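Here is how the chains run, residue by residue.
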Amino acid sequence: MKYVGAIYRPPSEARSLIVQVTYGCSHGRCAFCCSYLDKPFALRPLEEVLADFREARAYFPRVEKIFLADGDALVRDAGELEVILDTVAELFPECVRVSCYASPRSLEIQSEEALRRLRSKGLAMVYLGLESGCDEVLRRMRKGCSAAGIVEAGKKARRCGLALSVTAIAGLGGPALSERHARETASALNAMNPEYIGMLTLMVPQGTALYQWVQEGSFTLLTPEEDLAETALLLKSLDSPGSVFRMNHASNYLDLRGTLNRDRAAMLEQVEQARRHLDRLRPESWRGL
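Just so we're clear, the structure is a prediction, and the values are computed from it rather than from any experiment. (Residues numbered from 1 in each chain as written. Predicted model: local features only at pLDDT ≥ 70, side-chain atom pairs only at ≥ 80, totals over all residues. Heavy atoms only, no water.)

Colleague: What's the story with the overall build of the protein in this structure? I'm lost.
Modeller: Along its length, the protein carries 10 helices and 10 strands. With respect to the three principal axes, the spread of C-alpha positions in the protein is 55 × 40 × 35 Å. Classification of the 289 residues of the protein by burial places 51% in the buried group. Once local pairs closer than 6 in sequence are excluded, the contacts in the protein between residues at least 24 apart make up 77%. As presented, the protein carries roughly 13200 Å² of accessible surface, and 51% of it is formed by carbon and sulfur atoms. Across the protein, the mean location of the 37 positive side-chain charges is 2 Å away from that of the 37 negative side-chain charges. (Helix = DSSP H or I, 4+ residues; strand = E, 2+ residues; numbered from the N terminus. Buried < 20%, exposed > 50% of the residue type's maximum accessible area, 1.4 Å probe, protein only. Contact = heavy atoms within 4.5 Å. Areas by Shrake-Rupley, 256 points an atom, 1.4 Å probe, with all protein chains shown as cover. Lys, Arg positive; Asp, Glu negative; His and termini not counted. Charge placed at Lys NZ, Arg CZ, Asp CG, Glu CD.)

Colleague: What am I meant to see in the pairing of strand S6 (residues 123-131) here?
Modeller: On a regular strand, one side chain projects to one face of the sheet and the next to the other, so that they alternate. Most of S6 sits out of view: nine of its nine residues are buried. For strand S5 (residues 97-102) and S6, the ladder comprises five bridges, and the chain directions are parallel. Bridging across to S6, Val-98 finds its partner in Leu-123. (Pairing = 2+ DSSP bridges.)

Colleague: Would you take a moment to explain the nonpolar core for this structure?
Modeller: The nonpolar side chains of soluble globular proteins are, as a tendency, buried together. Counting residues in each nonpolar core, the largest one holds 65 residues, and the members touching the most others are Phe-53, Ile-66, Leu-68, Leu-74, Phe-92, Leu-123 and Phe-245. Not counting the four nearest positions on each side in its chain, Leu-74 is found in contact with Leu-81, Cys-100, Tyr-101, Ala-102, Ser-106, Leu-107, Gln-110, Leu-115, Leu-118 and Leu-123. Counting 13 residues, the second largest nonpolar core, distinct from the first, contains Cys-30, Phe-32, Leu-177 and Phe-219. (Core = buried A, V, L, I, M, F, W, Y, C linked by side-chain atoms within 4.5 Å.)

Colleague: Explain empty space enclosed by the protein here, please?
Modeller: Taken as a whole and judged by the stated rule, the model has two cavities of 30 Å³ or more. Each pocket or cavity is described by its volume, and for the largest cavity that value is around 50 Å³. Looking at the largest cavity, the residues that line it are Ala-170, His-181, Ala-182, Thr-185, Met-199, Glu-230, Thr-231 and Leu-234. If you list the elements that add at least two residues to the lining of the largest cavity, you get helix H7 (178-192) and helix H9 (224-237). Here the second largest cavity defines a volume of roughly 40 Å³. (1 Å grid on protein atoms, 1.4 Å probe; cavity = no way out; pocket = protein on both sides within 12 Å on 5 of 7 lines; lining within 4 Å. Points joined across faces, edges and corners; volume = space filled by probe spheres on them.)

Colleague: Can you walk me through the packing of helix H2 (residues 78-91) against helix H4 (residues 112-120) in this structure?
Modeller: What describes two packed helices is the angle between their axes and the distance between those same axes. Remark: H2 packs on H4, axes separated minimally by 10 Å, with the N-to-C direction vectors making an angle of 5°. On the basis of their axis angle, the class for H2 and H4 is roughly parallel. Seen from H2, the contacting residues are Ala-78, Leu-81, Glu-82 and Leu-85; seen from H4, they are Ala-114, Arg-117 and Leu-118. When the residues that make up the contact of H2 with H4 are grouped by side-chain class, the tally is five nonpolar, no polar and two charged. (Axes fitted to C-alpha atoms, helices over the stretch in contact; angles between N-to-C directions. Parallel < 35°, antiparallel > 145°, perpendicular 65-115°, else oblique. Nonpolar A, V, L, I, M, F, W, Y, C, P; charged D, E, K, R; others polar.)

Colleague: Looking at this model, I keep getting lost on H7. Mind explaining?
Modeller: Each α-helix turn comprises 3.6 residues. Residues three or four places apart therefore point the same way. An ideal rise of 1.5 Å per residue puts 21 Å on 15 residues; H7 measures up with 21 Å between its terminal C-alpha atoms. Among the residues making up H7, those that are buried are Ser-178, His-181, Ala-182, Thr-185, Ala-186, Ala-188, Leu-189 and Met-192. Viewed end-on, H7 has its buried residues packed into an arc of 165°, placing them on one side of the element. Contacts from the buried residues of H7 go to S6, helix H5 (135-140), helix H6 (147-159), strand S7 (163-170), strand S8 (196-201) and H9. Directly beyond the C-terminal end of H7, a positive phi value near 45° is found at Asn-193. (Expected span 1.5 Å × (residues − 1). Arc of directions from axis to C-beta.)

Colleague: How should the pattern of salt bridges be read in this particular structure?
Modeller: Where charged atoms from two side chains of opposite charge come close, those side chains can pair. If you walk through the whole model with that rule in mind, you get 25 salt bridges. Between Glu-94 and Arg-57 there is a salt bridge; the shortest N-O distance is 3.0 Å. Note that Glu-94 is positioned in the loop between H2 and S5 and Arg-57 in helix H1 (residues 46-59), a separation of 37 residues in sequence. The buried category is assigned to Glu-94, whose relative accessible area is 14%. Note on Arg-57: relative accessible area 22%, which makes it partly exposed. Glu-108 is paired through a salt bridge with Arg-105; the nearest N and O atoms lie 3.6 Å apart. Highlighted residues: Glu-108 and Arg-105, both in helix H3 (residues 104-109), separated by three residues, approximately one helical turn. The exposure classification of Glu-108 matches that of Arg-105, with both residues exposed. Ionic contacts of the salt-bridge type, sharing partners, join the residues Glu-112, Arg-116, Glu-152 and Arg-159 into one network. (Salt bridge = Lys/Arg side-chain N within 4 Å of Asp/Glu carboxyl O.)

Below is the structure:
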């Protein structure tokens, strides 16, 4: 099997077979993101993709989950994605889930009929980056779309039977936009009511525009105390029944897990305990992407 550049996958895909369907990210301009800076976006030749699956079948006795990389596999032609999924079904009958990252743009350009066909052929879940529900934050961070556009993309995925996992980033608005970021991100998540919500905490890797802004003083990071206050406000504003909430990424200061809205009060209590005992937070040196 062949891989080009660094490979990224969601934490829940840790034991998945990963095959590159595209290279890089179709947007690739977010100010906070260092992923795929090592390669331009490109569609991988279809025969190479299928060859990787054939090689994997010869090597792995059992494959239950497959993740289609890189940053926006769903942007491929729907017919080619169907060929890929048909190949997966033929070679890996034991596979119970195929998933991929999806951008708001790729969900927009794929018709509902195409998405339903992909679902019928085994594409079970897509991971969508909301990052923030605040349009001002999205504009500053060069996300390239509005919160309303991302919400509509997520709703479309759910209408077509795809499970939806949505990611947002605590602290992305800095102190000035922290309250709006929390409230409006919760509002966007509530509107999508995804199966899964994953919260990361902002980190600033070198090579990004955000890193330069921090160095020159035009963007200020939240302190751990401010981050916890923002998290509490987000949780208080969330109303997304049945959504599995996870704030357990390596970037997070505090580990939170629960199902909304059932466990919201318990998670809020964890946040309040953490605000009283800041020494129990993940040390800065232990945080990572």
